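These are the residues of each chain, in order.
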Amino acid sequence: MPSPVIEIRDLHTHIVTRWGTIRAVDGVSFSVGEGETLGLVGESGSGKSMTCLSVVRLIPRPAARITRGAVLLDGEDLVPKSEREMQRIRGRKIAMILQDPMSSLNPVFSVGMQVREPVALYHGLRGRRLTARAAALLGSVRIPSPEARLRAFPFQMSGGMRQRVVGAMAIAAPPRLLIADEPTTSLDLTIQAQYLGLLQELQSRHRLAMIFITHNLGIVSRICDRVAVMYAGRIVETGPVRQIFKSPAHPYTQALLESIPRLGDRRERLTAIEGQPPDLARLPGGCAFAPRCPYVMDRCRAEAPPQLAVAPGQVSACWRHASA
Amino acid sequence: MIRFILSRLVQSLAALAILSVVVFVLARTTGDPLHMILPMSATAEDYANARQYLGLDRPYIEQYFSFVGKALTGDFGTSLRARRPVMELIQERLPNSIRLAVFAMGVSLAFAFPLGILAAVWKGTNLDRTAQVIAVLGQSLPTFWVAIVLVEFVAGRLQWLPAGGISGWSSYVLPGFTLGWFVVAGLMRLLRSGMLEVLDSEYVKLARVKGVVEHRVIWLHALRNALVPVVTFAGIYFSILVTTAIVVETVFAWPGLGRLAYDGISSRDFPVIQAVVLTTAAIVAVVNLGVDCLYALIDPRIRYAR
Amino acid sequence: MAIDPGTAERAAGGLAVPERDVTAAAARRRRLPLLPLAIIGVFVLVAILAPVLSPADPLSQSLRNRFKPPVWMEGGSTAHLLGTDRLGRDILSRIIWGSRVSLAAGVVTVLIASAFGAAVGLVAGYYGGRTDAALMRITDATMSFPVILLALILAVTVGPSFTNVVVAIAVILWARYARVIRGQVLTLMSLDFIAQARIAGAGAWRIITRHLLPNTLNTLVVLVTLQVGYVIIVEASLSFLGAGIPPPTPAWGSMIAEGREFVTSAWWASAIPGLAILAVVLAFNLLGDWLRDTLDPKLRQL
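Predicted, not measured: the structure shown is a model, and the values here were computed from it. (Residues numbered from 1 in each chain as written. Chains lettered and ligands numbered in written order. Predicted model: local features only at pLDDT ≥ 70, side-chain atom pairs only at ≥ 80, totals over all residues.)

Novice: Which residues make up the overall build of chain B, and what are the values?
Specialist: In terms of helices and strands, chain B carries 14 helices and 0 strands. Along chain B, from the amino end to the carboxyl end, the secondary structure elements read α-α-α-α-α-α-α-α-α-α-α-α-α-α. Across chain B, every contact between residues at least 6 apart in sequence was considered, and the portion connecting residues at least 24 apart equals 74%. (Helix = DSSP H or I, 4+ residues; strand = E, 2+ residues; numbered from the N terminus. Contact = placed C-beta atoms within 7 Å.)

Novice: Which residues make up unusual backbone geometry, and what are the values?
Specialist: All names here are of chain A. The linkage connecting A173 with the following residue, P174, adopts the cis geometry, with an omega of -10°. Within the secondary structure, P174 is located in the loop between α7 (159–170) and β7 (177–181). One non-glycine residue, D74, adopts positive backbone phi at about 50°. By C-beta crowding, D74 is classed as partly exposed, having 14 other C-beta atoms within 10 Å. For E182, which is not glycine, the phi dihedral falls at a positive 45°. Among the secondary structure elements, E182 is positioned in the loop between β7 and α8 (189–206). (Buried ≥ 20, exposed ≤ 12 C-beta atoms within 10 Å, placed from the backbone.)

Novice: Tell me about the interface of chain B and chain C, residues and numbers included.
Specialist: Quite often, the size of an interface is put as the accessible area lost when its parts meet. Chain B puts 46 residues into the contact, and the matching count from chain C is 41 residues. Tallied by class, residues from the side of chain B that touches chain C come to 24 nonpolar, 16 polar and 6 charged. (Nonpolar A, V, L, I, M, F, W, Y, C, P; charged D, E, K, R; others polar.)

Novice: Give a detailed account of the interface of chain B and chain A, specifying residues and quantitative values.
Specialist: Contacts between the two partners involve 18 residues from chain B and, on the opposite side, 22 residues from chain A. Broken down by secondary-structure element, the contributors of at least two residues to the side of chain B that touches chain A are α9 (202–209), α10 (214–243) and α14 (300–305) of chain B. With 6 residues, the top contributor of residues to the side of chain B that touches chain A is α9 of chain B. Among the residues forming the side of chain B that touches chain A, the class breakdown is 7 nonpolar, 4 polar and 7 charged.

Novice: If you had to explain the confidence of the model for chain B to someone new, which residues and values would you point to?
Specialist: Residues and elements named next belong to chain B. Across chain B, the average pLDDT comes to 79, with 86% of residues at 70 or higher. Looking across chain B, the model is least confident in helix α2 (residues 34–37), with a mean pLDDT of 63, and most confident in α9, with 92. For this predicted complex, the interface score ipTM comes out at 0.84, alongside a pTM of 0.78. (pLDDT = per-residue confidence, 0-100.)

Novice: Which residues make up α9 of chain B, and what are the values?
Specialist: Judged by how many residues are buried, α9 of chain B sits mostly within the fold: 7 of 8 residues are covered. Residues Y203, V204, K205, L206, A207, R208 and V209 of chain B constitute the buried set of α9 of chain B.

Novice: I'd like to hear about the nonpolar core, residue by residue, with values.
Specialist: V115 of chain A, L187 of chain B together with A151, L152 and I169 of chain C are the most contacted members of the largest nonpolar core, which has 265 residues in total. Setting aside chain neighbours within four positions, we find A151 of chain C in contact with N164, V165, A168, I169, L238 and A243 of chain C. (Core = buried A, V, L, I, M, F, W, Y, C linked by C-beta atoms within 7 Å.)

Novice: Help me get a handle on the sheet that holds strand β4 (residues 64–73) of chain A, residues and values and all.
Specialist: All names here are of chain A. Spatial ordering of the open sheet is given by β2-β1-β4-β5, a layout of 4 strands whose pairing is antiparallel. Of all the strands in the sheet, the pair left with one neighbour each is β2 (20–32) and β5 (76–77). Taken together, the 8 bridges between strand β1 (residues 6–17) and β4 define a ladder with antiparallel strand orientation. Of the residues in β4, the one forming a bridge with H12 is R68. Together, β1, β2 and β4 form the strand contacts of helix α1 (residues 48–55), whose direction differs from that of β2 by roughly 75°. (Pairing = 2+ DSSP bridges. Axes fitted to C-alpha atoms, helices over the stretch in contact; angles between N-to-C directions.)

The following block contains the structure:
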């Protein structure tokens with residue numbers, strides 16, 4: 001198997017607040033290869049965004065710190081790099097699309113200026129060649145009349161179109177890894193489908209590794225190859241999408257899938273997960289999901305389970321899968 | 001854009017018109033100027049003659065319109081006290097006030113911008129704390145007190161700078177500093193709070209994600225968005241500087257508009273009072289217009305919304 | 001208290017700015033600003049109890065006792081804790097009595113200006129259209145009139161007095177309130193609950209008083225507190241110029257004017273009233289800042 005584009009090994013990010021130290025990312029490991037899409041799923045607060053922000057080192061310093069672990073981009077560890085070096089990596093090697101298109105573009109600058117900026121930065125182009133390349137980028141994300149659009153301002157565009165512009169900026173380099181943080185959550189349903197299609201096209205054209213953060217399992221089944229489920233800053237299950245959906249191993253994954261109402265279901269009540277999400281500043285020793293788990297055993301409360309193999313390519317952090 | 005400027009222009013003129021009426025009425029309520037001009041021994045006949053000569057016996061409406069008519073051609077009449085055309089007096093004094101205001105404004109901006117921006121970027125550090133202290137003090141210290149203290153110590157005891165009057169560059173420093181002190185405070189706070197808000201925004205996050213260098217993120221991407229309220233207040237402060245420099249002009253014996261107004265009011269010199277107030281209002285209106293145009297330049301949403 | 005993960009992520013997620021003091025800032029916001037409140041409290045008490053607290057008659061002159069220094073300096077005495085001024089009057093007493101003038105001027109002026117200004121703002125924002133445009137033109141014209149000039153004119157025509165100071169300042173200050181409140185009302189008007197009130201048959205008066213006004217109170221409170229300091233300084237400036245409270249009533253501004261020429265020799269005559277002004281205005285400003293941070297942080301620009 002070719003080496004992965006991005007590999008995260010036992011990453012820990014802690015945030016110091018007045019309520020205590022929050023272990024926002026608590027031992028996360030996964031990898032994504034070229035042309036592959038990994039879905040990162042979990043409730044809000046599970047650590048999905050923080051993990052990705054840790055990858056590009058845009059965590060609020062000095063309150064937040066990566067305390068342990070490695071982030072290997074094409075084999076090179078990013079954690080010990082200086083801020084200057086990270087600035088050269090952001091955008092060029094790793095790009096990100098943020099959630100809300102209405103606020104991710106700077107309102108006082110033209111779209112053209114904001115698209116030209118990364119192109120000039122990464123490729124050193126100027127003048128007419130710069131403008132031509134910027135227009136071409138807009139064209140590649142299916143924006144009609146790109147030259148005219150360069151002169152427009154964000155407030156003159158719809159949400160879907162703005163998100164395409166953000167997409168254009170993201171592939172300006174093009175990067176090795178694209179992280180999309182819930183890019184379609186704020187878009188209309190019909191636009192969502194188009195946008196997902198666009199992302200897939202961009203990915204195959206540039207051979208991007210993609211991490212897709214979402215809480216929407218429907219989207220995961222559509223465009224992700226593999227999925228990693230996060231809970232309380234840890235990854236509880238990873239595996240190919242088909243497999244996980246068919247036979248989820250971890251109780252949390254099972255509960256998530258159960259809670260999605262399906263057409264034809266004859267239930268009177270929706271299934272919710274018992275209990276509350278945990279306080280990240282006061283995580284219990286042992287498995288984080290233990291308080292809410294229907295299969296909880298004594299061992300779960302005492303020791304945190306490691307990633308245990310369940311099936312080919314599928315791992316789950318649950319003591320039920322331990323052979324002993 | 002043109003339509004925008006034109007509409008603002010019309011609004012300013014309307015405001016000026018209202019003001020001219022108010023001014024006219026007010027000036028006349030200051031009392032009878034003749035008491036101040038004519039000697040004690042003047043007879044009733046002298047009063048009648050003087051009144052007629054100065055046109056003070058005509059009906060008010062007539063006086064008003066002749067005032068407006070002449071004002072539009074730049075003729076503000078003759079100072080009752082100084083016996084010189086008011087326009088001349090204004091032409092002598094106005095530039096001094098403007099120069100002082102511009103100097104004070106310039107110095108204030110030079111201090112306020114870096115301090116305010118860096119206080120936001122380095123929030124919580126000593127620089128930030130110092131900046132906040134300066135800001136609060138600047139808005140709590142009475143200007144004239146600072147002026148007096150400065151005159152006594154820096155000009156009197158230490159003899160570093162002149163105590164008053166205009167005598168070259170150095171004489172701008174003390175009055176300029178006194179005037180600008182509270183402007184620095186106000187603008188710096190605005191910049192700091194504006195920048196704090198902007199630095200928290202999604203588009204700044206995205207700029208960083210794109211790999212844009214940090215100083216460009218701050219000085220280009222962030223600052224532009226924080227500028228609009230700053231520009232508003234800069235305009236207001238400039239107007240305040242020009243129009244209420246009376247106190248500073250008094251302490252530093254600065255021959256500007258403020259002194260002219262003060263003398264004019266004390267001697268019930270209608271033409272001077274009217275002219276000063278109108279000039280002041282005109283300056284304010286021009287500055288506001290300039291500010292509005294600056295907005296449109298900074299923020300494209302304002303340009304297109306009109 | 002368990003923090004929910006949402007808060008944690010929000011606390012950390014959006015920011016990529018070096019945030020040194022997440023904790024202290026939040027803590028500061030909750031604590032009452034004790035020092036400013038104490039200072040204001042002291043001055044209010046002093047102002048109210050002036051006849052009782054004042055050690056001497058603020059008006060009694062004694063040319064023999066001119067420019068006695070404060071008690072901690074050589075030549076000072078406990079008879080005049082803060083020294084005496086140009087005419088031998090006890091400075092401490094004059095400061096105490098002067099606090100009445102300053103505080104009264106500040107509070108009364110601001111209350112009048114805010115009441116009137118808020119009313120105008122509410123009406124302009126509610127009715128919109130031509131009413132709004134007309135009212136805003138008047139407001140703009142008013143705002144551009146220099147306060148001190150107006151006060152001078154009044155002082156010269158009608159003679160300087162407390163009432164004139166209040167009137168002169170209030171007549172121009174209201175415009176600021178009108179502008180700000182109108183802005184708020186415009187935002188509120190676009191919200192659904194106003195439309196619903198209308199549909200339910202509420203008339204203008206009811207909507208304005210029961211729906212709009214309560215929602216602008218936060219802004220009003222902050223603005224009022226912040227403006228008191230400004231008014232006190234203006235009143236002092238006017239007294240300094242001789243257009244404010246007429247002598248012999250003690251006013252901090254005129255005290256500074258009187259001590260002006262003696263700043264190096266008898267510095268206390270000007271310095272002490274200056275410090276008094278500074279203390280009171282600073283206290284109001286700090287209190288106003290705290291109120292703003294607590295009630296309505298969006299008012300940052302004020």
